[in-house]
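Structural characterization, general
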Amino acid sequence: MKRSTIFGILVVALIGVTILNFLTIGESTEDYIERIETNRKDRNGQMLSSTSPLKEEDKQSFTGLNYYPVDEKYKVTAKLEMLGARQPIFIESTTGEQLKYIPFAYATFTLEGKPQKLLLYQDWEETDPNRLSLMFADETSADETYGGGRYLDVTYRNTNSVVIDFNTAYNPYCHFNDEYSCPIPPRENLMDIPVSAGEKLYKTEH
């Protein structure tokens, strides 16, 4: 399946979260939790649809994705350090394919008492200039979460900061089906803390 198709499907499932992160400034904790949980229910439904990465036999036993409890401390506002020359690069994928991305900016913030600096990218095939990709791994990777890392969609609004909500972190399609080609998080985005938020490992039952 083409990478543009994969990410197009993910946009449909997750665009609501990225837009609402911008529009719901000041929402209550209760409304925030409800919004995230509603999105998770919607994603469960998508996993049983015709666009799901699950194999047909796995759909039969699917009971829902696994998540950490919603925790607002994992929703952070990050300052942007814009990159001057945005030259496309190639990032290796899980199948050995070289996928084209444009490094966009560094996002700096503090989480778990430690400063973090992650690199945000624009997908070469992305048509929305305000949609950025964050691919990361952390100390939960290969233990409680997928060893190949997780993804986040980030909305850029022409300001010097962005909202990064790790409660919306999701597994790439290759976690569910090795026929998919997914970019591997770059070295800059290997976090030295556990990020106990977002989607956890999914284990099939046969």
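Figured I'd write up the structure that's included with this text. All figures in this text were calculated on a predicted structure; none of them were measured in a lab. (Residues numbered from 1 in each chain as written. Predicted model: local features only at pLDDT ≥ 70, side-chain atom pairs only at ≥ 80, totals over all residues. Heavy atoms only, no water.)

Observations regarding the nonpolar core
Ranked by internal contacts, the top residues of the largest apolar core, which has 25 residues, are Phe-109, Leu-111, Ile-164, Phe-166, Met-191 and Val-195. Broken down by secondary-structure element, the contributors of at least two residues to this core are strand 1 (75–82), strand 3 (98–111), strand 4 (114–123), strand 5 (131–136), strand 6 (150–155) and strand 7 (161–165). Ile-91, Tyr-121, Met-135 and Tyr-146 belong to the second-largest nonpolar core, a separate cluster that totals 13 residues. (Core = buried A, V, L, I, M, F, W, Y, C linked by side-chain atoms within 4.5 Å. Buried < 20%, exposed > 50% of the residue type's maximum accessible area, 1.4 Å probe, protein only. Helix = DSSP H or I, 4+ residues; strand = E, 2+ residues; numbered from the N terminus.)

Focus: unusual backbone geometry
Unlike most non-glycine residues, Glu-112 shows phi in positive territory, near 55°. Residue position: Glu-112 is located in the loop between strand 3 and strand 4. Residue Asn-158 is not a glycine yet carries a positive backbone phi of 55°. On the basis of relative accessibility, which here comes to 63%, the residue Asn-158 falls in the exposed class.

Here we look at the side chain of Asn-167
Within the secondary structure, Asn-167 is located in the segment after strand 7. Among the residues examined, Asn-167 registers a relative accessible area of 2% and is labelled buried. Within the structure, Asn-167 has its side chain in polar contact with the side chain of Tyr-32 (distance 2.9 Å). Aside from chain neighbours lying at most four places away, what touches Asn-167 is Tyr-32, Ile-36, Arg-40, Pro-69, Val-70, Asp-71, Glu-72, Tyr-74, Lys-75, Ala-197 and Gly-198. (Polar contact = N/O pair within 3.5 Å; in protein donor to acceptor, adjacent residues only side chain to side chain. Contact = heavy atoms within 4.5 Å.)

Quick look at the packing of aromatic side chains
Under the criterion given, the structure shown has eight aromatic pairs. Their ring planes at 50° and their centres at 6.0 Å tell us that Phe-109 and Phe-166 sit as a pair that is tilted. Here Phe-109 is found in strand 3, whereas its partner Phe-166 is found in the segment after strand 7, with 57 residues between them in sequence. Considering the side-chain rings of Tyr-173 and Tyr-180, the 5.2 Å spacing of their centres and the 85° angle between planes classify their relative orientation as edge-to-face. Accessibility classification places Tyr-173 together with Tyr-180 in one group, the buried group. Through pairs of rings, three or more aromatic residues link up here, namely Phe-62, Phe-176 and Tyr-202. Sitting over the face of the ring of Tyr-106, Lys-117 holds its NZ or CZ atom 4.8 Å from the ring centroid. In this structure, Lys-200 is placed above the aromatic ring of Tyr-68, and the distance from its NZ or CZ to the ring centre is 4.9 Å. (Phe/Tyr/Trp six-rings, centres within 6.5 Å; stacked < 30°, edge-to-face > 60°. Lys NZ or Arg CZ within 6 Å of the ring centre and 35° of its normal.)

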